[in-house]
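As a plain string of letters, each chain reads:
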Amino acid sequence: MHSTFSPLALAAFTAVSAMGTGTDATRQALRGRQGGLRPAGPEDRPATWVGRVAGVDAVELPPGLARYDCRNNRLAELALRQDGFAHAAEQARARYGAARVAVILGTSTSGIAETEAAYRRRPEGQTALPEDFDFAATHDLFALPRYVRARLGLHGPALTISTACTSGARAFLEASTMLRAGLCDAAVVGGVDTLCQMTLQGFGSLALLAQGPTRPCAASRDGITVGEAAGFALLVRPEDAPAGTPQLLGAGASSDGHHMSSPHPDGLGAVSAMRAALAAAGLEPGQIDYINLHGTGTRANDAMEDLAIHRVFGAAVPCSSTKGWTGHALGASGAIEAMIAAICIEEGLVPGCLGIAAADPAFRSDVATGNRAVRVRRVLSNSFGFGGSNCSLVIGQG
Amino acid sequence: MRCWLASPAVFGPGLPGWAASAPILAGEQPWVMAEALPPTPALLAPGDRRRAGVTVRFALAAAAEATAAEPDRAALETVFASGNGDGAVVCSILDALHAPDVAVSPTLFHNSVHNAAAGYWHIAVGSTLPSVSLGGHDGAFAAGLLAAMGNVATRGRAVLLCAYDTPLPAPLGAVRATAFPFATACLLRPGPEGALAVLELRYVAEPLPPGPSAEELEGLDALALGNPAARALPLLRALAARRAALVRLPLLADAHLELRVSPC
């Protein structure tokens, strides 16, 4: 069978989440086991804890792009300013031409918090939304890639991926398709999602919110802590990046075809996404050094994922969830965790689950609960979402 | 990029399915404005049929029609594209969030994800193959076509493309106008079996050439501007008339897709 996947280099990448702004802060937080979850304020009811990113409110968008102003695009802007990312995008624009750099981003709720604010701003008795509310530049899913594309001066194709909690991971797969199809020579990929009442109340209605900070893989785990994050990578062909640049080695997706909000109990969809990612990368399970779990901290997800991991990898590969640091950043989680994977490779680090003493004794995979210093050459990162959407990425050394 | 297109489907005002609509789209019969009614999602199990709203019904009707002759619907990867997603669901949740007792329905919440229609489709046909759901505002159909053709070209597999949008209720409807419901679907394949046409797609980093204003258009030309999924109408009309066409599809304010349609 001919390979349908070509590896791509992460020529630049950046990460902003509750655990830190930029990759250095993220690295320090992972090494020092300092999570970013905090008790929720009244604006985040009914959650008791959240993973809120500090400093987003103070971010100002460039004057010419003021119509895009909303928390989601401010968080995107904050990330673009870290790790020299905007500069790297500028270099890609100069090298390939603005029309040859695509922007492919995932989000589940885009700037819907701005719509919630517009609802609240209405005078008593008024149904209509305020006249200055700009739906297309904030609430609309396309607002995110349109903002990033305009901000970076790019003119290539743009896509917005919205497959619930796999959005940010799935963006990498679609970007690889676009590069392979010759539609672009580089792509800004990733995901951005911000805290909003819709998701907090929604997960509350499903009784999926943790009472304290989320404890993925613990026997006593009781749900998710909702977080927010932005993760961006600049994908180019490996020959266009220095040797040793981390790479997207493979990606795979599947559908559960089972239930809208519960994963397949045997993890069949998760198994096929992981196997598809391994096949795309041309790797055997034993060649993976660390698995970054979707690991939301819900009873159902973590049990299903353990079954699926054990079926593909046995107990041979250490795995953990980093949502104890970031919370569940929903449509951005796959993007931020792809960046964490790249950091773990650079650091030689398996970051054990935060805030748990031991993994659920019913689990059969090798769940790390403390940090392990080991050689990490290749990481598999899982994302699963409502609607039965599954996506796995393999990030590795070039 | 190129691929073959087979089995188009359409549900919109005065366009109740491909068989009835093809002569209208081909210009052999007049188009008459008539309300588009949400078809019954026959493929869904009774429980999901109750939970699926109007938007999902339109999407599934188009997807079902495009795959009616397929021996195995579960064997198709899918691309779903929609500017608004399920606006009725999103509006209901926003209304609930701003009501005094803030009671969000769990069913509404899981129906609010943009990939809800895709999720229901894969459940209905028992498909575990990959699916992606895209936004794209007024460029949603172009975005879906771009992603779907990219997947056909690079992975060599058939893809079911489904584009759909429905009007948003008040108050969002006032800030995001969508005139009527519309859904379309087709099969995109790497080979010519059962194909109506060959498609060749090019991304053009330039604004759409200026055309007549919305006020100057009428009939199906005007209809194409009333819904993001209806932007497919020039393609559907070329397919129905079995004629070659060069179709320009809006994607972004400064970019569009140029689609060459050649009947086969």
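Now for a quick tour of the structure. (Residues numbered from 1 in each chain as written. Chains lettered and ligands numbered in written order. Predicted model: local features only at pLDDT ≥ 70, side-chain atom pairs only at ≥ 80, totals over all residues. Heavy atoms only, no water.)

## Re the overall build of chain B
Regarding its fold elements, chain B presents ten helices and nine strands. In terms of overall size, chain B behaves like a compact globule, its C-alpha atoms giving a radius of gyration of 18 Å where 264 residues would be expected to give roughly 18 Å. Taking the principal axes of the C-alpha coordinates as reference, chain B spans close to 55 × 45 × 35 Å. Expressed as a percentage of the 264 residues in chain B, the buried residues total 61%. Restricting to contacts in chain B with at least 6 residues of sequence separation, those with at least 24 account for 72%. (Helix = DSSP H or I, 4+ residues; strand = E, 2+ residues; numbered from the N terminus. Rg over C-alpha atoms; globule rule 2.2 N^0.38 Å. Buried < 20%, exposed > 50% of the residue type's maximum accessible area, 1.4 Å probe, protein only. Contact = heavy atoms within 4.5 Å.)

## Observations concerning helix H7 (residues 140–155) of chain B
Residues and elements named next belong to chain B. Its 16 residues place the ends of H7 22 Å apart at the C-alpha level, agreeing with the 22 Å of an ideal helix rising 1.5 Å per residue. Judged by how many residues are buried, H7 sits mostly within the fold: 14 of 16 residues are covered. Note on H7: the residue one or two positions beyond its end, Gly-156, has a positive phi of about 65°. (Expected span 1.5 Å × (residues − 1).)

## Observations concerning the environment of Arg-151 of chain A
Residues and elements named next belong to chain A. As for its position among the elements, Arg-151 is in helix H5 (residues 143–151). A relative accessible area of 23% means that Arg-151 is categorised as partly exposed. Taking the C-alpha atoms as reference, Arg-151 lies 7.6 Å from Leu-65; in sequence the two are 86 residues apart. The contacts of Arg-151, once residues within four sequence positions are left out, are Pro-62, Leu-65, Glu-77, Leu-80, Arg-81 and Ala-86.

## Side note on the interface of chain B and chain A
With 53 residues of chain B at the contact, the number on the chain A side is 58 residues. Both faces considered, chain B and chain A share a buried interface measuring about 4700 Å² in area, 70% of it formed by carbon and sulfur atoms. Across the chain B-chain A interface, the total number found is one salt bridge. One salt bridge in this structure joins Asp-254 of chain B and Arg-149 of chain A, with 2.9 Å as the shortest N-O distance. Inspection of the region where chain B meets chain A yields 15 residue pairs in polar contact (both at pLDDT 80 or more). (Buried area = accessible area lost by both parts, 1.4 Å probe. Salt bridge = Lys/Arg side-chain N within 4 Å of Asp/Glu carboxyl O. Polar contact = N/O pair within 3.5 Å; in protein donor to acceptor, adjacent residues only side chain to side chain.)

## Observations regarding the nonpolar core
Core analysis: the biggest nonpolar cluster contains 108 residues, and Phe-172 of chain A together with Leu-145, Leu-188, Leu-199, Leu-259 and Val-261 of chain B have the highest contact counts within it. Among residues more than four places away in sequence, those in contact with Phe-172 of chain A are Val-189, Gly-190, Ala-233, Leu-235, Leu-248, Ala-335, Ala-338, Met-339 and Leu-393 of chain A. Core analysis: the next-biggest nonpolar cluster, separate from the first, contains 66 residues, Phe-58, Phe-109, Tyr-120 and Ala-183 of chain B among them. (Core = buried A, V, L, I, M, F, W, Y, C linked by side-chain atoms within 4.5 Å.)

## A look at the pattern of salt bridges
Side-chain pairs of opposite charge can arise where the charged atoms are in close proximity. All names here are of chain A. Summed over all chains, the structure comprises 34 salt bridges over all chains. For Arg-377, the salt bridge is made with Asp-289, and the minimal N-O distance between the two is 3.1 Å. Placement of the pair is Arg-377 in the loop between strand E14 (372–373) and strand E15 (378–385) and Asp-289 in the loop between helix H8 (268–281) and strand E10 (290–292), with a sequence separation of 88 residues. Accessibility expressed as a relative area gives 28% for Arg-377, which makes it partly exposed. Residues Lys-323 and Glu-337 are paired through a salt bridge, measuring 2.8 Å at the closest nitrogen-oxygen approach. Of this pair, Lys-323 sits in helix H10 (residues 323–326) while Glu-337 sits in helix H11 (residues 333–347), and the two are 14 residues apart along the sequence.

## Some thoughts on the side chain of Gln-82 of chain A
Residue and element names in this part refer to chain A. Tracing the chain through its elements places Gln-82 in the loop between helix H2 (71–80) and helix H3 (85–96). One polar contact links the side chain of Gln-82 to the main-chain carbonyl oxygen of Leu-78, over a distance of 2.9 Å. Those residues within four positions of Gln-82 in sequence are excluded, and the remaining contacts are Thr-14, Val-16, Thr-21 and Gly-22.

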